[in-house]
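Next come the chains, spelled out residue by residue.
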Amino acid sequence: MHDFHFKNNELFCENVKVSAVAKSVGTPFYLYSYKTLTDHFLKMQRAFARINPMICFAMKSNGNLAVIKSLVDLGAGIDIVSVGELKKALRVGADSKKIVFASVGKTEEEIAFAIKAGILLFNVESEPELLEINRIARRMKRQVQAALRINPDVPAPTHEYTNTGSLKKKFGIDLRTTRQIFRSQKKYSNVKMSGVHIHIGSQITSGGPFVGAIKKVAAFIDDLREEGIDIEYLDIGGGLGIIYKDETPQTAQEYANKVLPILEKTGLKIIMEPGRFIVGNAGIFVTKVLYLKDNGYKKFFIVDGGMNDLIRPSLYDAYHEIVPVKQTRASKIKVDVVGPICESGDFFAHDRLLAKVNKGDLLAVMSAGAYGYVMASNYNIRGRVPEVMVRGNKFEIVKERETFKDLMRGERLPRFLRTS
Ligand SMILES: *Cc1c(COP(=O)(O)O)cnc(C)c1O
């Protein structure tokens, strides 16, 4: 469910005409609905109310300050993967006791900063990382908490690049090693092993893989208990799928119905880390048609947005619905929707049946709220586009369009190439 809908053939975000935003900020741009964003968070909170979990928004899916502030104000914690994200989270007043830190490659600076900030948990992805955290904590004379990220080695039916719960992938620690680490806790004088963490992948639309992984981990926790090893937290990660095309993903409630009984039985404090589920359908990418091209073999809509703005189609072969911002009665034709970038991978859709458009028309690329702006680059020396947030009948720019000056910042010629 989301709050982008047509009224009199015009696409609205809540009560704002998308075309009005385009007129004001230019194209391309990302547009977020505050209502959709917060609704999704509240849905998750309600579905799991019985166990009152800590819902840590996976900020890597969308790190805009307005997005994270909206969620933090509702009580969300934050799942971070870098010190940059940590600093942004603190900037909007996130409670450091609701921050968990994943990443297979935390640097010394990142670990030290996170210790100083007093985050709740390091989600640790290897034994060497744990030794490093312990070393740094000891040096700082601090006691920290860690959850071991278990790689449960379960199949997750998702794109190869978003499957993280198999031992073929770099993520997490295998069960045998995890057990050994728990048994040798004494080695880590400054790290308390307080939890276990899993995150099996992203855009997973059915409950089976989650249930499988959580059951496996619950059994593991039981085994630990029998050995007299007690933990406090179980972090079940994120990964819930959303509708991009014709998927029938589980709702928050259906997800809860499946996993709650297992979670309740563990008696542990539950942490979850949804990203895409919360923000995916809360954002769209709006782009303008520059040219219509027909090379005799194929027809193309050439738009002003590119793979540098939204890379999901090129990177994951992801499907995004594309709709004209003004609906017309024009007949449909089969087209490729492509950007201006000098790459064949620069496309938003292949062989898509779309109503004929004219130069200057606006197209909305739907479900672009997650892993959209955050993955944007300056490839082809293109500035990042603005992000705009709508609430009710008002909209505001929440991140400015990058200027040429922004693009040039910090870049200079070496002395030997400077003339005069
Ligand atoms: C990416 C990630 C998430 C969020 O995944 P979604 O599919 O967006 O819900 C949660 N936890 C970890 C550790 C991640 O890497």
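Fair warning: this is a prediction, and the values are worked out from it, not measured in the lab. For every chain, the first residue of the written sequence is number 1, and numbering continues from 1 along that sequence. In view of the model being predicted, local features appear only for residues whose pLDDT reaches at least 70, and side-chain atom pairs are presented and counted only at 80 or more, with totals across whole chains, interfaces and linings using the full set of residues. To obtain the side-chain values, all non-hydrogen atoms of the structure were used and water was disregarded.

**Remarks on the domain arrangement of the protein chain**
Throughout the structure description, domain borders are defined by an automatic or database domain assignment. Looking at the protein chain, the domain boundaries give domain 1 (4-31 + 280-408) and domain 2 (34-276). A C-alpha centroid distance of 32 Å is found between domain 1 and domain 2. Only heavy atoms matter for contacts: two residues are in contact if any of them lie within 4.5 Å across the pair. Tallying the contact residues gives 22 residues for domain 1 and 22 residues for domain 2. Between domain 1 and domain 2 lies a buried interface of about 2,000 Å² when both sides are counted; carbon and sulfur atoms form 57% of it. Summed over both partners, the accessible surface that disappears when two parts come together, traced with a 1.4 Å probe, is what is meant by buried area. Of all residues in domain 1, Y319, Y371 and M389 give up the largest surface area on contact with domain 2, accounting jointly for 28% of the area buried on that side. Salt bridges, as used here, are contacts in which a Lys or Arg side-chain nitrogen is within 4 Å of a carboxyl oxygen on Asp or Glu. For the interface between domain 1 and domain 2, the tally reads zero salt bridges. Think of a polar contact as two N or O atoms within 3.5 Å of one another; within protein, one of them needs to be a possible hydrogen donor and the other a possible acceptor, and neighboring residues in sequence only count if both atoms come from side chains. Between the two partners, domain 1 and domain 2, sit eight residue pairs in polar contact (both at pLDDT 80 or more). A helix here means a DSSP run of H or I that spans at least four residues, while a strand means a run of E at least two residues long, and both kinds are numbered starting from the N terminus. Those elements that provide at least two residues to the side of domain 1 that touches domain 2 are α11 (312-316), β19 (387-391) and β20 (394-399).

**Section: the nonpolar core**
The term nonpolar core refers to a set of buried residues drawn from Ala, Val, Leu, Ile, Met, Phe, Trp, Tyr and Cys, joined through side-chain atoms within 4.5 Å. Exposure classes here rest on a 1.4 Å probe applied to the protein chains alone. A residue is buried below 20% of its type maximum, exposed above 50%, and partly exposed in between. Ranked by size, the top nonpolar core spans 101 residues in total, and within it F48, I78, F122 and V337 carry the most contacts. Sort the elements by how many residues they give to this core and helix α8 (residues 208-226) lands first, with nine residues. If you count residues domain by domain, this core takes at least three from each of domain 1 (4-31 + 280-408) and domain 2 (34-276). If sequence neighbours within four positions are ignored, F48 has contacts with P53, A252, Y255, A256, V259, L260, L263 and M272. Among the nonpolar cores identified, the runner-up in size contains 19 residues, and C13, V21, M366 and V388 belong to it.

**Section: the site of the ligand**
One heavy atom within 4 Å of a molecule or strand makes the whole residue count as near it. Every one of the 15 residues lining the ligand counts as a neighbour, but K60, S202, E273, R276 and Y371 are closest to it. Within the side chain of K60, a nitrogen or oxygen atom sits 2.7 Å from an oxygen atom of the ligand. A distance of 2.3 Å separates an oxygen atom of the ligand from a polar atom in the side chain of S202. In this description, accessible areas are obtained by the Shrake-Rupley approach with a 1.4 Å probe, and a residue is regarded as covered only by the protein chains that are shown. For the ligand, whose unbound accessible area comes to 390 Å², protein coverage reaches 94%.

**Some thoughts on the packing of aromatic side chains**
Think of it this way: a Phe, Tyr or Trp ring, Trp meaning its six-membered ring, pairs with another when their centres are within 6.5 Å, and the plane angle makes it stacked under 30 degrees, edge-to-face over 60, tilted otherwise. One pass over the structure, following the stated rule, counts eight aromatic pairs. Ring plane angle 50° and centroid distance 5.8 Å describe the contact between F285 and F348, whose orientation is recorded as tilted. In this pair, F285 is assigned in strand β13 (residues 283-294) and F348 in strand β17 (residues 347-355), connecting sequence segments 63 residues apart. Taken as a pair, F285 and F348 share a single burial class, namely buried. Members of the aromatic cluster, connected to one another through ring pairs, are Y30, Y32, F285, F348 and Y373. Should the NZ of a Lys or the CZ of an Arg lie within 6 Å of a ring centre and within 35 degrees of the ring normal, that charge is described as sitting over the ring. Here the guanidinium or amino end of K7 rests over the ring plane of F12, the centre of that ring lying 4.5 Å away.

**Digging into the layout of surface pockets**
Considered as a void within the structure, the largest pocket measures approximately 570 Å³ in volume. Of the grid points, spaced at 1 Å and generated over the protein atoms alone, those admitting a 1.4 Å probe that cannot get out make up cavities, while open sets with protein on both sides within 12 Å along at least five of seven lines make up pockets; any residue with an atom within 4 Å of a point is treated as lining. K60, T164, F171, H199 and Y371 are the residues nearest the centre of the largest pocket, which is lined by 28 residues in total. Mapped onto the domain boundaries, the lining of the largest pocket takes at least three residues apiece from domain 1 (4-31 + 280-408) and domain 2 (34-276). Lining the second largest pocket are 24 residues, with M1, H40, I243, P249 and N281 positioned closest to its centre. Among the secondary structure elements, those contributing two or more residues to the lining of the second largest pocket are α2 (34-47), α9 (252-266), α10 (276-279) and β13. Only Asp, Glu, Lys and Arg are considered charged in this grouping, and only Ala, Val, Leu, Ile, Met, Phe, Trp, Tyr, Cys and Pro are considered nonpolar; every other residue, Gly among them, is considered polar. The class makeup of the residues in the lining of the second largest pocket is eleven nonpolar, nine polar and four charged. Grid points are joined across faces, edges and corners, and a volume is the space filled by probe spheres set on the points.

**A short note on helix α7 (residues 175-183)**
For α7, the set of buried residues is T177, T178, I181 and F182. Taken around the axis of α7, the buried residues stretch over an arc of 140°, which confines them to a single face. Opposite the packed face of α7, turned more than 90 degrees from it, sit the exposed residues R176 and R183. On its buried face, α7 sits against α6 (127-139), β9 (144-149), β10 (191-197) and α8. This arc is taken over the directions from the axis of the helix to the C-beta atoms.

**Describing the sheet that holds strand β12 (residues 269-272)**
As summarised here, the arrangement of the eight strands in space is β5-β6-β7-β8-β9-β10-β11-β12, forming a closed barrel in which the pairing is parallel. Between one strand and the next, the sheet's axes are offset by a mean angle of 30°, whatever the strand orientation. In this scheme, strands are said to pair when DSSP sees at least two bridges between them. Looking at chain direction, strand β5 (residues 54-58) and strand β6 (residues 77-80) are connected through three bridges and run parallel. Bridge assignment links F57 to a residue of β6, and that residue is I78. Running at roughly 150° to strand β8 (residues 121-124), helix α5 (residues 108-117) makes contact with β7 (99-101), β8 and β9 of the sheet. Whenever a helix is involved, its axis is fitted only over the stretch in contact; in every case the axis is a line through C-alpha atoms, and angles between N-to-C directions fall within 0 to 180 degrees.

**Some details on the pattern of salt bridges**
Enumeration according to the criterion identifies 21 salt bridges in this entry. Note that R139 and E108 form a salt bridge whose closest N and O atoms lie 2.7 Å from each other. Here R139 is found in helix α6, whereas its partner E108 is found in helix α5, with 31 residues between them in sequence. The salt bridge partner of D222 is R225, with a shortest N-O separation of 4.0 Å. With a gap of three residues between them, D222 and R225 both fall in helix α8, about one helical turn apart. Judged by its relative accessible area of 42%, D222 is partly exposed. The partly exposed category is assigned to R225, whose relative accessible area is 33%. A cluster of three or more residues bridged by salt bridges with shared partners is formed by E108, E132, R135 and R139.

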